[in-house]
Amino acid sequence: MRGTALAAATMAGVLALAGCAKDTGGSNNNASGSDGNAGSNCITAPKPPAAPAAATSSSAASGKVDGSKLKVGLAFDVGGRGDASFNDAAAAGTDRAKSDLGVPTVNESTASASESEAAKQQRLEQMAQQGLNPIVAVGFAYAQSVKAVATKYPNTKFAIVDDDSITLPNVTPLVFAEEQGSFLAGVAAAYKSKKCHVGFVGGVNTPLIQKFEAGFLQGAKAVSSKIKVEDEYLTPAGDFSGFQDPPKGNAKAAAEISRGADVVYHAAGASGKGVFDAAKQNNALAIGVDSDQYNQKTVAADKDIIITSMIKRVDVAVFEYLQAVAKGDLSTVPKRFDLKSDGVGYSTSGGKVDDIKDVLDGYKAQIVSGAIKVSDKPAK
């Protein structure tokens, strides 16, 4: 998977507008990179048409909802609150439910990297026994346990993030189009790379994380026929320590940078801290994931090299689920949180992608319209 030169993908629906990107001259350090100095050397695709003016999302603006009767259980994945990524996004959703809906109780518990299936099931069962309702399980690793416990407690409502394999009436899936948001991360990486050489670091080699990889590869290839990509995982499927090993993330990212990558995108949970550290130590750039990592306190020392993050709005999904439970109408929860529903996207904190925002929004519009189909399986 290392150092593979990726061929260009022909962009369906892209209109032939003027050449590469304009040189804004807005770069004030080597960590921001304008699309002038990057695009002139690397970008080979025509610039996409501008996105239409976006309609304001109204996902949360439909009157006051009373959540004061909810007692919520939140079962974190590996890393828990403070991972600056996936789990923190879920926590932000319950925090918002407390402030906006008046939810009085949120009991949290966190999985360990090596715990057994029985331990996961016990965690959920204890929550159900305590009368917590609804219970939100953060991560596909809970699928088997959610199915078992939800069957035993049919009057307790469950939601599970990143899994839609359970068909029980009291289980609501919260799933995302990670590949769509990651496509935009790939476009950003190609535009910001001075060497036309980028990298991907996945935490655990599972179908879910492959969706991030797939979108990133497709986005980078869509804008450049010259792009080279370093593409690696920290651990194989079944070994979830890849989401909680910053030193390994550091070593892997440093190796990719040593081979020429100067922008690295991670989908590695808490291990992403090591990726950011490696980028800063080696004069490279990085792209965060799940949360707007530029604003995360636990990675604040590296914020100057974080150019954007692929935002997976687990916070929005968790909040909208809890709001729907409080209203007694789960039909309002989207079947899939994608670019169209603003369930995924990209961050602009720090202003490091302001000069290519029109490019990113143009590709976003084409994905939303269906002109671009983003695969959820990596094309090598």
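For every chain, the first residue of its written sequence is number 1, and the numbers climb from 1 along that sequence. Residues qualify for local features only when their pLDDT is at least 70, as the model is predicted, and side-chain atom pairs are given and counted only at 80 or more; totals for whole chains, interfaces and linings, by contrast, use all residues. Side-chain metrics rest on all non-hydrogen atoms present in the structure, leaving aside hydrogens and water.

Undergrad: A description of the sheet that holds strand 5 (residues 158–161) should follow, citing residues and the corresponding values.
TA: Backbone-to-backbone hydrogen bonds join strands into a sheet, with any given pair of strands oriented parallel or antiparallel. Spatial ordering of the open sheet is given by 3-2-4-5-6, a layout of 5 strands whose pairing is parallel. At either margin of the open sheet sits one strand with a lone partner, and together these are strand 3 (105–110) and strand 6 (171–174). The sheet shows a mean angle of 15° between the axes of neighbouring strands, taken without regard to direction. Note: strand 2 (residues 71–76) against strand 4 (residues 135–138), 3 bridges, orientation parallel. Bridge pairing in strand 4 links leucine 74 to valine 136. Those strands touched by helix 4 (residues 143–152) are strand 4, strand 5 and strand 6, and its axis lies near 170° from that of strand 5. Should DSSP find at least two bridges between two strands, the strands are regarded as paired. A helix here means a DSSP run of H or I that spans at least four residues, while a strand means a run of E at least two residues long, and both kinds are numbered starting from the N terminus. For helices, the axis comes from a line fit to the C-alpha atoms of the stretch in contact; other axes are also lines fit to C-alpha atoms, and the angle between any two N-to-C directions lies between 0 and 180 degrees. We call two residues in contact when some of their heavy atoms are within 4.5 Å.

Undergrad: Give me the lowdown on the side chain of glutamate 232, citing residues and values where you can.
TA: With respect to the secondary-structure elements, glutamate 232 resides in strand 8 (residues 228–235). Throughout this description, buried means an accessible area under 20% of the type-specific maximum (1.4 Å probe, protein chains only), exposed means over 50%, and partly exposed covers the range between. Classification of glutamate 232 by relative accessible area gives buried; the value is 5%.

Undergrad: Mind laying out the packing of helix 7 (residues 246–258) against helix 8 (residues 272–281), listing which residues take part and the relevant values?
TA: One can describe the packing of helix 7 onto helix 8 by two numbers: an axis separation of 6 Å at closest approach and a directional angle of 40°. Taken as axis vectors, helix 7 and helix 8 run oblique relative to one another. Crossing geometry of helix 7 relative to helix 8 is assigned as right-handed. Residues Pro246, Gly249, Asn250, Ala253, Ala254 and Ile257 of helix 7 form the contact with helix 8, whose participating residues are Lys273, Gly274, Val275, Asp277, Ala278, Ala279 and Gln281. Each angle receives one of four descriptions, namely roughly parallel if under 35 degrees, roughly antiparallel if over 145, roughly perpendicular if within 65 to 115, and oblique otherwise. Two helices cross in a left-handed way if the nearer one is turned anticlockwise from the farther one by less than a right angle. They cross in a right-handed way if the turn is clockwise.

Undergrad: Residues and numbers for the nonpolar core, please.
TA: Side chains of nonpolar character tend, in soluble globular proteins, to be buried together. The nonpolar core is taken to be a set of buried Ala, Val, Leu, Ile, Met, Phe, Trp, Tyr and Cys residues, with the residues joined through side-chain atoms within 4.5 Å. Core analysis: the largest hydrophobic core is formed by 75 residues, its most contacted members being Leu174, Phe183, Phe212, Tyr265 and Tyr363. Formed by 18 residues, the second largest nonpolar core is a distinct cluster that contains Val264, Ala268, Ala284 and Ile305.

Undergrad: Describe in detail the environment of glycine 362, supporting the description with residues and values.
TA: One can find glycine 362 in helix 10 (residues 357–369). Considering only alpha carbons, one finds glycine 362 and leucine 184, 178 residues apart in sequence, at a separation of 10.0 Å. The residues touching glycine 362, leaving out its near neighbours within four places in the chain, are Pro48, Pro49 and Ala51.

Undergrad: Report on the packing of aromatic side chains, specifying residues and quantitative values.
TA: The geometry of an aromatic ring pair is captured by two quantities: the separation of the ring centres and the angle between the planes. Ring pairs are drawn from Phe, Tyr and Trp, using the six-membered ring of Trp, whenever the two centres fall within 6.5 Å, and their geometry is named by plane angle: stacked under 30 degrees, edge-to-face over 60, tilted for the rest. Per the counting criterion, the structure on display carries 7 aromatic pairs. Judged by centre distance (6.0 Å) and plane angle (55°), the rings of phenylalanine 140 and phenylalanine 240 are tilted. Taken as a pair, phenylalanine 140 in the loop between strand 4 and helix 4 and phenylalanine 240 in the loop between strand 8 and helix 7 lie far apart in primary sequence, 100 residues in all. Taken together, the ring pairs connect Phe200, Phe216, Tyr233 and Tyr265 into an aromatic cluster. The ring centre of phenylalanine 319 lies 3.7 Å from the NZ or CZ of arginine 96, which sits over that ring. Look at NZ for Lys and CZ for Arg. If either is within 6 Å of the ring centre and within 35 degrees of the ring normal, a charge sits over the ring.

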